[in-house]
Amino acid sequence: MEQLFTLTTLTGILHSTIRLATPYLFASLGETISQRSGVLNLGVEGQMLMGAFAAFFVVVTTGSLLGGVVAAIFVGALLGLLMALVSVSFRAEQGISGIGMYLLGLGLSSLLFRLTLGSVQSVRGFAELALPGLSSIPVLGPALFKHSLLVYVAFALVPMVAYLLNRTTWGLNIRAVGDNPQAADTLGVPVIAIRYATVTVGGAMAAMGGASLSISAVNIFQENMTGGIGFIAVALVYFGGWRPVGVMLGILLFSLVSALQIWLQLVGIGIPSDLAVMLPYILTIIALALAPRRTGQPAALTRPFNRGMA
Amino acid sequence: MQAFPPQRTTSTITSLELRGITKRFPGVIANDKVNLSVHGGEIHALLGENGAGKSTLMKILYGLYQPDAGEVRINEQPVTISSPQDAIARGIGMIHQHFMLVPSLTVAENIALGLRSSRGLRLDLDRVSAEVQRLAELYGLRVDPKAYIWQLSVGEQQRVEILKALYRGAELLVLDEPTAVITPQEVDDLFAMLRQMRAEGRALIFISHKLREVIALSDRVSVLRDGRLVGTFATAGKSRSDLARLMVGREVIAARADTKHPSEGAGSIALELQDISAQSDRNTPALHGVTLQVRAGEILGLAGVSGNGQRELAEVIAGLRPTSAGTIKLAGKDLTGNPAERANAGISYIPEERMRDGTVLEFSVAENLILRNHTEAPFARGPLLNRSAVDRACRDLIQRFQIKTPGPHTPLKSLSGGNIQKVIMARELSREPAVLVAAQPTRGVDIGATAAIHQLLIELRRRGGAILLISEDLDEILALADRIAVIHAGNIAAILPHTEATPERLGLLMAGVASEVT
Ligand SMILES: Nc1ncnc2c1ncn2[C@@H]1O[C@H](COP(=O)(O)OP(=O)(O)OP(=O)(O)O)[C@@H](O)[C@H]1O
Ligand SMILES: [Mg+2]
């Protein structure tokens, strides 16, 4: 009896770990791409909120999930483009322009929500998709292979982004531009265009992270519903050493602690709930502080590019 | 047969012509109606003092700067080169004064960068490596395609730069001070390769401050002075002093010839190292029990092929690198465990990597000049900077050290390479140090300024300064040093009085062939 209880609990905790990890994966992998090219996009949170709203709005009004995904990608790419314009072309201080993007996304998504939908409602989002065979593996099967489509997509992105960065000419260009844009420029690599591309893709992926909440995980939209996920996603890129697999491991650790924390509250172990909620964040701060290795940090991160100036 | 190199669509460059090229920067005319004509199968040297506009002219040719006026013609046809991409497509390659490599990438990745892959989006690094191997063998450029750039010595990095250009089928290759940073042996190899490329009909533009090299290598030489072309001459028949006169516009007297060495053991021991060991950046042992003494009023030359522990030794003395064993004494006082104290106790350090250590490129010339003592009188008034005192002192230094800059408030990064070096010299020497560690102090510096720097070192010695002169230039060491230590593989192989040192003997010691610790 005791044994059975532990195993189901384990399955449950693992299942919510995977589910919780999903929005982070979208956002952090996009941020990884953008940072590897040397641009810090601190506005992820704002882009997530806009993505969450855009997807939710389209699903509410048309009922089309695909339409929702397309809307999120479109809006996120647009905001990414704006971010690139400010950070890459106008060479704004990237920390500041990121905060601007966050405030824009927060304000605009709340405003649009109030103007259009107004009240809290729910949609029928992506349904759970149990992978035949795999999901019947004991304990792990239901934890890992009974999720909605976007969860699988998020995890599939990990090897895809790793492949893009490490094995393709685009990835080589991205890495070079993030490390020594002057050198890349002397070889005819279009530094500005590449940074525009990465920041735009990063924006689209952040928005998908938002959509994975509003039309997949919780199926509602609320003002400021991301509650800091976008900022943690940026921190997790540092934690993961700018490598997709490292970033994923960091996200899984963070999500596991979050899942445990929720479970602790459910079973009512005598920890004040406020403290429990803080647990993952405290862990992040400690982990970031204890991970002093800056190896992997793109050397030109946050540095705008200026042709000819060494 | 693969289409290797993948983008070799360029045709032979039989002639290149720059006509009336003008380039202005805030406060300077870097190039003033410059005409230059280079043809295939020639090595064309470009000479000029620091800041004469050599690099600027070449950056225009490579599409990094756009000229304010003038045109470029290739094979009699006017062309616009609006980006490096255009330059590469037209068969122009450039080895930059400050290398353009991505340290976190491998050799093969650096070479493949910006090129189309034969597998579409997928990288074809194995094929690139194979082609790099072939080119490397053809031109004698030994380098491992799988190595990371940060693992390579400066000489190897230069070979990667050359391979990058060759791989892209460069028909015209610009080399901006390629010999400033490599060892004498590597210079010989480089020259052999350049001659081979000339024989293949390629055009080569070679920039150097070393007149001996210009005479040995080039067919013709063009001289720039203050952004203007003085003229283009056949190298044959020109002597070093002819060239120097053309560059500077007056006679140049080298400080080295009339240097008098004081009698040995003149002063008390100013700096003493006893059995110093230290690690390199990669945590491998770099120094194995180095013992040295430098006396007041003495120049101790440290000869050696770069990468044998010179940098680590200099940084240990300057207090920038921890020691793992041994003691350091300054004027008899043990300061081993106290790096900060060493700088305060009067050790000045001129680092060899001037773009990385010793300067803040974003800061102005003036700010860089007072970096060391901005908290002291007369520069500081309480917590505030005394701007007029700073200005006055800086204008004085700029004048005394002949630093070519529009003014004290120009950002350091817009100065020419040699002038950045002079800023560091000015700052460190003006502190009247008891001990000066000077690493490659005249690397990349023009002949006039080299003579001036040598004169400054000699004067500091006369005033009782103890100088450790680290240099790969044996001429420099033999001309200035009272005693010469040779470093090899982190050990002092020998210490010789200057009377017993010959280039041959030093060469053998540097190569680690003989060891004669005294
Ligand atoms: N990007 C820039 N911005 C402002 N001024 C510049 C810039 N690049 C060069 N200059 C100025 O133009 C002049 C010529 O510089 P350049 O680098 O061409 O000299 P150089 O002949 O290559 O000298 P060196 O032998 O020291 O390398 C210098 O006065 C320099 O300060
Ligand atoms: Mg130059």
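What you see is a predicted model, and the numbers here were worked out from it, not measured in a lab.

Definitions and limits used
- Once a new chain begins, its residue numbering starts again from 1 and follows that chain's sequence as written.
- Chain letters start at A and ligand numbers start at 1, both assigned in the order the entries are written.
- pLDDT decides what is reported in this predicted model: residues at 70 or higher carry local features, side-chain atom pairs at 80 or more are listed and counted, and totals for whole chains, interfaces and linings draw on all residues regardless.
- Working from all heavy atoms in the structure, the side-chain values ignore hydrogens and water.
- We call two residues contacting when some pair of their heavy atoms lies within 4.5 Å.
- A 1.4 Å probe defines the accessible area here, and the buried area is the portion of it lost by two parts on being joined, summed over both.
- The term salt bridge refers to a side-chain nitrogen of Lys or Arg lying within 4 Å of a carboxyl oxygen of Asp or Glu.
- Where helices and strands are cited, they refer to DSSP runs of H or I of at least four residues and of E of at least two residues respectively, numbered from the N terminus.
- Working definition: with a 1.4 Å probe on protein chains only, accessible area under 20% of the residue-type maximum means buried, over 50% means exposed, and in between means partly exposed.
- For a helix, the expected span equals 1.5 Å multiplied by the residue count minus one.
- Nearness is judged by heavy atoms alone; a residue qualifies as near a molecule or strand once a single heavy atom is within 4 Å of it.
- The definition of a polar contact used here is a pair of N or O atoms within 3.5 Å, where within protein one atom must be able to donate a hydrogen and the other to accept one, and adjacent residues in sequence count solely through side-chain atom pairs.
- Here, Shrake-Rupley sampling with a 1.4 Å probe gives the accessible areas, and only protein chains in the shown set may cover a residue.
- Pairing between strands requires that DSSP locate at least two bridges from one strand to the other.
- In this analysis an axis means a line fitted to C-alpha atoms, helices contributing only their contacting stretch, and an angle means the value between N-to-C directions, from 0 to 180 degrees.

In this structure, what is going on with the interface of chain A and chain B? I would like to understand it.
Where interface size is quoted, it is often the accessible area lost as the parts come together. Contacts between the two partners involve 24 residues from chain A, matched on the other side by 31 residues from chain B. Counting the surface chain A buries against chain B, the share from its top three residues, Leu172(A), Thr186(A) and Leu187(A), is 28%. Our count for the chain A to chain B interface comes out at 1 salt bridge. We note a salt bridge from Glu109(B) to Arg175(A), for which the minimum N-O separation is 3.1 Å. Those elements that place two or more of their residues in the side of chain A that touches chain B are helix 6 (149–167), helix 7 (169–179) and helix 8 (181–186) of chain A.

Any chance you could explain the pattern of salt bridges here in plain terms?
Two side chains bearing opposite charge may form a pair once their charged atoms approach each other closely. All names here are of chain B. Throughout the structure, instances matching the rule amount to 32 salt bridges over all chains. With a closest N to O distance of 3.0 Å, Arg-19 and Glu-17 form a salt bridge. For Arg-19, a relative accessible area of 36% translates into the label partly exposed. Judged by relative accessible area, which is 23%, Glu-17 ranks as partly exposed. We note a salt bridge from Glu-362 to Lys-413, for which the minimum N-O separation is 3.6 Å. Taken together, the residues span a long stretch of sequence, with Glu-362 in the loop between strand 16 (347–350) and helix 11 (365–369) and Lys-413 in the loop between helix 12 (387–400) and helix 13 (417–429) at a distance of 51 residues. Using a relative accessible area of 57% as the deciding quantity, one classes Glu-362 as exposed. Here the residues in one salt-bridge network are Glu-17, Arg-19, Glu-71 and Arg-73, joined through shared partners.

I keep staring at helix 3 (residues 65–89) of chain A and nothing clicks. Help me out?
For an α-helix, 3.6 residues make a turn, and residues three or four places apart therefore share a direction. All names here are of chain A. Compared with an ideal rise of 1.5 Å per residue, which puts 25 residues at 36 Å, helix 3 spans 35 Å between its outermost C-alpha atoms and is within 8% of the ideal. Every buried residue belonging to helix 3 is among Gly-68, Val-69, Ala-71, Ala-72, Val-75, Gly-76, Leu-79, Gly-80, Met-83, Ala-84, Ser-87 and Val-88, and all of these are buried. Just beyond helix 3, the residue with positive phi is Arg-91, at close to 55 degrees.

Looking at this structure, I do not really get the site of ligand 1. What am I missing?
What surrounds ligand 1 is a group of 21 residues, the closest being Gly51(B), Lys54(B), Ser55(B), Thr56(B) and Ser416(B). The local environment of ligand 1 is shared, drawing residues from chains A and B. Take Gly53(B): an N or O atom from its main chain is 2.9 Å from an oxygen atom of ligand 1. Tyr65(B) places a side-chain nitrogen or oxygen 3.1 Å from a nitrogen atom of ligand 1. Protein chains shield 93% of the accessible area of ligand 1, which is 630 Å² for the free molecule. Among the elements of the structure, strand 2 (28–39), helix 1 (54–61) and helix 13 of chain B are those that each provide at least two residues to the shell around ligand 1. Among the elements that make up the shell around ligand 1, the one with the highest residue count is helix 1 of chain B (3 residues).

Quick question: what am I supposed to make of the sheet that holds strand 5 (residues 77–79) of chain B here?
Two orientations exist for strands paired in a sheet by backbone hydrogen bonds: parallel and antiparallel. Residues and elements named next belong to chain B. Here we have 4 strands laid out as an open sheet, ordered 2-1-4-5, and antiparallel in their pairing. Strands with a single pairing partner mark the edges of an open sheet, and in this sheet they are strand 2 and strand 5. Sheet twist, expressed as the average angle between the axes of neighbouring strands with direction ignored, equals 25 degrees.

I tried to follow the sheet that holds strand 21 (residues 483–488) of chain B on my own but got confused; where do I start?
All names here are of chain B. Strand order in this open sheet of 6 strands is 16-19-20-13-21-22, and the pairing throughout is mixed. At either end of the open sheet lies a strand with only one pairing partner, and these are strand 16 and strand 22 (491–497). Here the strands of the sheet are splayed against their neighbours by 15 degrees on average, with no regard to which way each runs. Pairing of strand 13 (residues 298–303) with strand 21 involves 4 bridges; the strand directions are parallel. In the strand pairing of strand 21, Leu-300 is matched with Arg-483. Contacting strand 13, strand 16, strand 19 (435–439), strand 20 (466–471) and strand 21, helix 9 (residues 310–318) crosses the sheet at an angle of about 150 degrees to strand 16. Across the face of the sheet, helix 14 (residues 447–462) comes into contact with strand 13, strand 19 and strand 20 while running at roughly 150 degrees to strand 20.

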